[in-house]
Amino acid sequence: MVNRRSFLASLAASSILSPSEVFAAKKKIEPRVNLKKNVVLINLDLGLYGPNFRDGGASSKYMTEHFSEFKGQMTYFDGISQPGMGGGHECQHATFTALKYEHREHYPEKLMMSLDQVIADGSIQETRHKYLYHKLNRSGNHMSWNRFEQPMISIDGANSLYETLFSRSDTRLDKARIRRERDILSTLARNLRRFWRGNPQEETMKASLDYHLAVLDEREKWLKVSKPYQKKAFAENEENQPIPSCDNNFQLIYDALEREQTKIAIVQFGPWALQQGLPGVELGHHGNTHHGNYSERIRGLEIIDAGVLTGVKNFLHKLQEGGLYDDTVVLFHCGMANACHHDNKRAPAFLFGGGFQHKESIACLDGKEHIYTTSNMFSSILKQIGFSNPSFQNDSKIVEELFKA
């Protein structure tokens, strides 16, 4: 049975309405597209240790140690960031939105909507799951935001991801859950009509409720399609060591792509318990980010980073071996650019696969002037996967080098 309080929590942002939400409700909807590529977005919540991916650019320590074999098949964005983003932990929420939550009031023409949700909203659903938002370790800031600037519910841990994708399930229970959620939303809609005054906030609330009801209708429709079953390949408690066991999570994401259960996914490494199972790392990830130049804390960051990037590399190998590499856009990106300084400047952004005309490195900064921004990178991904008018945060500029031989 769905817990009413937890379900309503996912709609909490509906009551915090901004001008951009009103803009969202009235925005012209483009025709939906058939996605030409899969898209997997990967994030380390608190960012990487800056010197190891910045110094030397495409020849930096992390690039040479983890991704040298992908030369010609990946692109390193040198110096990319989003103008006006600033610093602080709020950059984490903005990793795939390129807009901080508290900046929405300053940019009423923009929308704090994440790249995965832009893709999901703008494409025809051809798979059971329109998107997957997966946190490895039940922690971290929200990375997925819908068109009403509401945080999306994540699937936390490998066990829950397996249950969602490939376990045996009872269709009757699934239908009962959907009915319960629909009852909650319908009650909210009735109360809204009962006290209706016709102001813009109510219009947006109505649009939000209609959106969530449509999502339930889509879920119910896909219950008619048999859910694939595959045997669980890992132990229940392995997820308690997120980094050593992350191959389990990436294998499930790969299986979901290969078995056409989704075409869109976010994989997020939150800060909680990342040190578990890593010899030599005593502090948690957040504690190590405030390293104060203590060598043991910097080493802790490097060990965590290495575990995450090795997991990404292994996932890329799976895509290559399964023939999905050129059909899948994989972006590793952190809104928190530097795990020490907590800002968005010169953020890590490594683009793999997807059939791009990859370049070893693309310069995104000329002194203090932006050549390409995070929004431009996201617009380029939209173009590559089939959007006819690609634009992210009202910025239609693309990274031209990705499309030139």
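All of these numbers come straight from a predicted model, not from anything done at the bench.

A. How the structure looks around the sheet that holds strand E1 (residues 38-44). Spatially, E4-E3-E5-E1-E6-E7-E2-E8 is the arrangement adopted by the eight strands of the open sheet, whose pairing is mixed. For this open sheet the edge positions go to strand E4 (155-156) and strand E8 (361-363), each flanked by a neighbour on one side alone. As judged from the three bridges shared by strand E2 (residues 74-78) and E8, these two strands associate in the parallel manner. Bridge assignment links Tyr 76 to a residue of E8, and that residue is Ser 361.

B. Geometry of the packing of helix H10 (residues 246-258) against helix H12 (residues 295-321). It is at 10 Å that the axes of H10 and H12 come closest, and there the two elements cross at 30°. Here H10 is positioned roughly parallel relative to H12, judged by the angle of their axes. Every pair of crossing elements has a handedness; the one defined by H10 and H12 is right-handed. Residues Cys 246, Asp 247, Phe 250, Gln 251, Ile 253, Tyr 254 and Leu 257 of H10 form the contact with H12, whose participating residues are Gly 307, Gly 311, Val 312, Asn 314, Phe 315, Lys 318 and Leu 319. Residue composition of the contact of H10 with H12, grouped by class: eight nonpolar, four polar and two charged.

C. Up close: the nonpolar core. Counting residues in each nonpolar core, the largest one holds 53 residues, and the members touching the most others are Ile 42, Phe 67, Phe 269, Phe 315, Phe 332 and Phe 350. Per element, the largest residue contribution to this core is 10 residues, and it comes from H12. Phe 67 has contacts with Tyr 62, Met 74, Leu 309, Val 312, Lys 313, Leu 316, Phe 350 and Phe 352, leaving out every residue within four places of it along the chain. Formed by 35 residues, the second largest nonpolar core is a distinct cluster that contains Val 33, Ala 120, Phe 356 and Met 377.

D. Broad picture of the pattern of salt bridges. Going through the model one piece at a time under the given rule, you end up with 13 salt bridges. As a salt-bridge pair, Arg 182 and Glu 220 come within 3.2 Å of each other at their nearest N and O atoms. Of this pair, Arg 182 sits in helix H8 (residues 171-194) while Glu 220 sits in helix H9 (residues 200-222), and the two are 38 residues apart along the sequence. Each of Lys 61, Arg 299 and Glu 302 takes part in salt bridges that share partners, so that together they form one network.

Calculation rules
Here the residue numbering is sequential within each chain, running from 1 through the sequence in written order. For this predicted model, a pLDDT threshold of at least 70 governs which residues receive local features, and a threshold of 80 or more governs which side-chain atom pairs are given and counted, while totals over whole chains, interfaces and linings are taken from all residues. Remark: hydrogens and water are excluded; side-chain values derive from all non-hydrogen atoms of the structure. For two strands to be treated as a pair, DSSP must find no fewer than two bridges joining them. Segments assigned H or I by DSSP are reported as helices when at least four residues long, segments assigned E as strands when at least two residues long, and all are numbered from the N terminus. Structural elements are reduced to axes, namely lines fitted to C-alpha atoms, with helices fitted over the stretch in contact, and the angle between N-to-C directions of any two is expressed from 0 to 180 degrees. Orientation labels follow simple angle bins: below 35 degrees gives roughly parallel, above 145 gives roughly antiparallel, 65 to 115 gives roughly perpendicular, and whatever is left gives oblique. A clockwise turn of the near helix away from the far one marks a right-handed crossing, whereas an anticlockwise turn of less than a right angle marks a left-handed crossing. The contact criterion used is simple: two residues touch if any of their non-hydrogen atoms lie within 4.5 Å. Classification used: nonpolar for Ala, Val, Leu, Ile, Met, Phe, Trp, Tyr, Cys and Pro, charged for Asp, Glu, Lys and Arg, polar for all others including Gly. By nonpolar core we mean a set of buried residues, namely Ala, Val, Leu, Ile, Met, Phe, Trp, Tyr and Cys, connected to one another through side-chain atoms within 4.5 Å. Relative accessible area decides the class of each residue, using a 1.4 Å probe on protein chains only: under 20% of the type maximum gives buried, over 50% gives exposed, and in between gives partly exposed. By definition, a salt bridge exists where a carboxyl oxygen of Asp or Glu is found within 4 Å of a side-chain nitrogen of Lys or Arg.

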